[in-house]
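The residues making up each chain are set out below.
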Amino acid sequence: MSAVYVWIETFDGAALPTSWEALGAGALLAEKSGGQLTALVFGENAEAIAQEAAQYGATAAIVCDDATLKGFRLEPYAALLTKLVQENKPRAVLAVATTRGRELLAASAADTDSGMLSDVSSLEIQADGSVQASRPAYAGKVLSDVSVDAAGTQFMSLRGRAFRPNEAKSGAQAAVTKAAPALSEDQIATKIERFEAEVGTVNLTDAAIIVSAGRGIANNPKDAPGDAGDAAVWKAKDGFESVIQPLADVLGAAVGASRAAVDAGYIPYAHQVGQTGKTVSPDLYIACAISGAIQHQAGMRTSKVIVAINKDKDAPIFKMARYGLVGDLYQIVPALTAELKKRLGK
Amino acid sequence: MHVVVFTRSTPDTAAKVEVGANGKVTWGDAATVVNPWDEYALEEGIQQAKNAGGKATVIAMGAEMHNEALKHSLAMGLDAAIRIEDAALDTNDGLAYATAAAAAVQKLGDVSLVICGKESVDVGTDQHLYQMARKLGWTLLAYVSKILEVDYAAGTIKVERLLEQGKQIVTSKLPAVITVMKDINEPRYPSFIGIRKASKAEIPVWSLADLGVTLPAAHTRVVAFKNLPVRDTQVEMIEGTPEEQAATLADRLLQEKVL
Ligand SMILES: Cc1cc2nc3c(=O)[nH]c(=O)nc-3n(C[C@H](O)[C@H](O)[C@H](O)COP(=O)(O)OP(=O)(O)OC[C@H]3O[C@@H](n4cnc5c(N)ncnc54)[C@H](O)[C@@H]3O)c2cc1C
Ligand SMILES: Nc1ncnc2c1ncn2[C@@H]1O[C@H](COP(=O)(O)O)[C@@H](O)[C@H]1O
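Rules of the game
- Per chain, residue numbering runs from 1 following the sequence as it is written.
- Chain A is the first chain written and ligand 1 is the first ligand written, with later ones labelled in order.
- The predicted origin of the model limits local features to residues at a pLDDT of at least 70 and limits the giving and counting of side-chain atom pairs to 80 or more, whereas totals for whole chains, interfaces and linings rest on all residues.
- No hydrogens and no water enter the side-chain calculation; it runs on all heavy atoms of the structure.
- Exposure classes here rest on a 1.4 Å probe applied to the protein chains alone. A residue is buried below 20% of its type maximum, exposed above 50%, and partly exposed in between.
- Secondary structure elements follow DSSP: runs of H or I no shorter than four residues count as helices, runs of E no shorter than two count as strands, and numbering proceeds from the N terminus.
- The directions from the helix axis to the C-beta atoms form the arc being described.
- Note on contacts: a residue pair qualifies if any of its non-hydrogen atoms lie within 4.5 Å across the two residues.
- Note on definitions: salt bridges are taken to be side-chain nitrogens of Lys or Arg within 4 Å of carboxyl oxygens of Asp or Glu.
- Counting of polar contacts relies on pairs of N or O atoms within 3.5 Å, with two restrictions inside protein: one atom must be capable of donating a hydrogen and the other of accepting it, and residues adjacent in sequence are counted only when both atoms are side-chain atoms.
- For this classification, the nonpolar set comprises Ala, Val, Leu, Ile, Met, Phe, Trp, Tyr, Cys and Pro, the charged set comprises Asp, Glu, Lys and Arg, and every other residue, Gly included, is treated as polar.
- Whether two strands pair comes down to DSSP finding at least two bridges between them.
- In this analysis an axis means a line fitted to C-alpha atoms, helices contributing only their contacting stretch, and an angle means the value between N-to-C directions, from 0 to 180 degrees.
- With respect to orientation, any angle under 35 degrees is reported as roughly parallel, any angle over 145 as roughly antiparallel, any angle of 65 to 115 as roughly perpendicular, and every other angle as oblique.
- A clockwise turn of the near helix away from the far one marks a right-handed crossing, whereas an anticlockwise turn of less than a right angle marks a left-handed crossing.
- Just so you know, the domain bounds were taken from an automatic or database domain assignment.
- For any pair of parts, buried area is found by adding up, for both, the accessible area (1.4 Å probe) each one loses once the two are put together.
- Being near a molecule or strand, for a residue, comes down to having at least one heavy atom within 4 Å of it.
- Residue burial considers only the protein chains on display, and all accessible areas are found by Shrake-Rupley using a 1.4 Å probe.

Residue and element names in this part refer to chain A. For helix 2 (residues 46–55), the set of buried residues is Ala46, Ile49, Ala50, Ala53 and Ala54. Looking down the long axis of helix 2, one finds its buried residues gathered within 155 degrees of arc, a one-sided arrangement. Looking at the buried positions of helix 2, the neighbouring elements they touch are strand 2 (10–11), strand 3 (14–15), helix 1 (19–33), strand 4 (37–42), strand 5 (60–64) and strand 12 (175–178). Looking one or two residues past helix 2, Gly57 carries a phi angle of roughly 115 degrees, positive in sign.

With that out of the way, let us pick up the interface of chain A and chain B. On the chain B side, the residues contacting the 90 residues of chain A number 82 residues. Run the count over chain A and chain B and you get 10 salt bridges. A salt bridge links Arg134 of chain B to Asp111 of chain A, with the nearest nitrogen and oxygen atoms 2.7 Å apart. Viewed at the interface, chain B and chain A are joined by 43 residue pairs in polar contact (both at pLDDT 80 or more). When residues in the side of chain A that touches chain B are grouped by element, the largest group, nine residues, is from helix 4 (residues 99–111) of chain A. Looking at side-chain class alone, the side of chain A that touches chain B contains 45 nonpolar, 21 polar and 24 charged residues. The pairing of strand 13 (residues 191–197) of chain A with strand 11 (residues 166–173) of chain B spans six bridges and is antiparallel. The partner of Glu196 of chain A across the bridge, within strand 11 of chain B, is Lys167 of chain B.

Contact geometry of helix 4 of chain A with helix 4 (residues 127–136) of chain B gives a least axis separation of 8 Å together with a crossing angle of 50 degrees. With respect to helix 4 of chain B, the element helix 4 of chain A is oriented oblique. Helix 4 of chain B is crossed by helix 4 of chain A, and the crossing has right-handed handedness. Together, Arg102, Glu103, Ala106, Ala107, Ala109, Ala110 and Asp111 of chain A of helix 4 of chain A and Gln127, Tyr130, Gln131, Arg134 and Lys135 of chain B of helix 4 of chain B make up the contact between the two elements. The class makeup of the residues in the contact of helix 4 of chain A with helix 4 of chain B is five nonpolar, two polar and five charged.

Here the focus is the domain arrangement of chain A. Residues and elements named next belong to chain A. On domain assignment, one finds that chain A holds domain 1 (4–187) and domain 2 (209–344). Distance between the C-alpha centres of domain 1 and domain 2: 34 Å. Across the contact, five residues belong to domain 1 and eight residues belong to domain 2. Summed over both partners, the interface of domain 1 with domain 2 buries about 530 Å², with 45% contributed by carbon and sulfur atoms. A per-residue breakdown of the area domain 1 buries against domain 2 is headed by Ala139, Lys141 and Arg161, which together make up 74% of the total. Joining domain 1 to domain 2, the criterion identifies one salt bridge. Between Asp283 and Arg161 there is a salt bridge, with its nearest N and O atoms 3.0 Å apart.

Close to ligand 2 lie Ser118 of chain A together with Arg8, Met61, Asn92, Gly94, Tyr97, Val123, Thr125, Asp126, Gln127 and His128 of chain B. Looking at what sits near ligand 2, you find residues from chains A and B. Within the side chain of Thr125 of chain B, one N or O atom sits 2.9 Å away from an oxygen atom of ligand 2. One nitrogen or oxygen atom from the main chain of Gln127 of chain B is found 3.0 Å from an oxygen atom belonging to ligand 2. When ligand 2 is considered free in solution it has 480 Å² of accessible area, and contact with the protein chains removes 90% of it. Elements that contribute at least two residues to the shell around ligand 2 include exactly helix 3 (94–108) and helix 4 of chain B. Its residues placed into classes, the shell around ligand 2 shows three nonpolar, six polar and two charged.

On to the packing of helix 9 (residues 329–343) of chain A against helix 7 (residues 242–256) of chain B, then. Running from N to C, helix 9 of chain A and helix 7 of chain B cross one another at 50 degrees; their axes reach a closest spacing of 8 Å. Classified by the angle between their axes, helix 9 of chain A and helix 7 of chain B sit oblique to one another. Considering only the axes of helix 9 of chain A and helix 7 of chain B, their crossing is right-handed. Contacts between helix 9 of chain A and helix 7 of chain B involve Gln331, Ile332, Ala335, Leu336, Glu339, Leu340 and Arg343 of chain A on the former and, on the latter, Pro242, Glu243, Gln245, Ala246, Ala247, Leu249, Ala250, Asp251 and Leu254 of chain B. Of the residues contributing to the contact of helix 9 of chain A with helix 7 of chain B, the split by class is 10 nonpolar, two polar and four charged.

Structural data, given as structure tokens:
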């Protein structure tokens, strides 16, 4: 009975919690096929992370803690995954569709001529062993049902926050096997020079709550100092810092932005939500001074609850919001931050 | 030095896209545009070719509608365009596209760098881009937000990649396939002369036979397209002073259990 492999993504020697979602999805497959739900953990701390994976349902684990696997590089990771797939012929390989998960699974599926479905948001096993999945297409404007046959290993990358992790069971154990790396350092062309981590920010794609702001963030009532250069940029940056971030801090939220805010230089591109930015799916999305253009909607329409704060009562964002507040964000957001601080006892 | 950029035509981003009664995706009479992510790839292709005194070729795979993206690319300033069309590609399998794309790059023979946009906004996929790199056996550097150094003679490249937790700076070897992010450049608009020249261009079409390649058996297929479930769009407008609005919203959010 063939195994279901789940790649546990790590960063700096710790598992990314979204990987437990992939184990949750993997459990659906393993239950049907009766194979071992196997966590693949590569790099620093692999063995400890494998034990953590056991708590989230992995019954087996394959680990490889080698210097070549410290920090993600496609070449050594894909070579190792490909070797494991060729040797053990698992039924499926799953990972969350993060930047790394996408390229890793696609590369190994190509190496082994296997079928792959990317960025799926639900899946179902058919009687013949094929898997039918649903994925968003056309910037989330339609859904596409896709299937992968049962002939070989089925590769699937999973949209973040689309699958539920299993409840953690403390004390659960997994049978751990050690694997040797597939490449030695001199066989790897890519060298990591450095990693410039974004400190102290919550990752947008994992976030349960997102507070976003748009072009209107520049309408800050504060006066820009005389030496500020571009006054609008100063006002907008100050707005993100002194109004949006405090609300995000109270909620443990990530900060997002519209493209208009990014293009104007108010906030770095990494924060952009939308068709040419990130696709997010939080429980709560608070859009401040964002009109709700269709390209912005493309990135956030699957949010569970949408709150819109906009001074224009006719802004399109109100058409997709659950709660609408007409008014100036510079008055409403500080009031909301104070109120939530009280309610949440912070 | 020869750089190749892949692109395709996608419905205008403002178009209303839906699934028609025949199960096909339609966007009414809305225009198609160059896949928005590819504008950055095309711009980078032009700049890389210019800096190295080389040539930039743009390739699209698919039916004639993709000529529009190719003409836009030529109008921007790419040197040559090729379209790949073959009924066998209609399987819509990622590996099939990757195999054909890799064969096209190999047929050109002298390519050092392939540049792609981050993904196609229509089919919403990027898998085939990474798979093309593997089929070529080349270095893959995805999510590139900056090319820091590139030396075509020495065959080395240094880039900054934008990942979830920050920026990874890596060096690697050419030839390479890279996918680029919005931050990398400011795409230019086609010039008037460029548009005139492009409108007259004859774009060669290559079949799989021309590429001398047979596709691997497709393991995946598109079963159907579906419209989105109707969203409960009942909006509750919360009124009052900012303090009252804040208090009511806090009540609602606590009831919704999203905090
Ligand atoms: C190919 C393509 C791709 C695109 N990709 C994206 C994308 O990924 N993401 C994205 O967001 N956009 C994208 N866009 C751009 C999109 O079309 C819109 O231009 C953009 O989303 C508008 O941003 P905005 O809502 O911040 O600005 P605006 O549309 O200018 O809206 C600003 C809003 O702020 C309100 N406002 C102003 N001041 C205040 C205040 N003090 N308090 C409260 N409200 C206030 C105004 O009433 C207005 O509704 C794309 C466009 C194209 C063509
Ligand atoms: N010209 C094209 N180039 C690349 N991919 C395409 C093209 N046309 C359609 N596709 C889609 O690409 C998907 C496979 O790509 P991928 O998921 O990236 O491997 C299929 O679902 C196809 O529908």
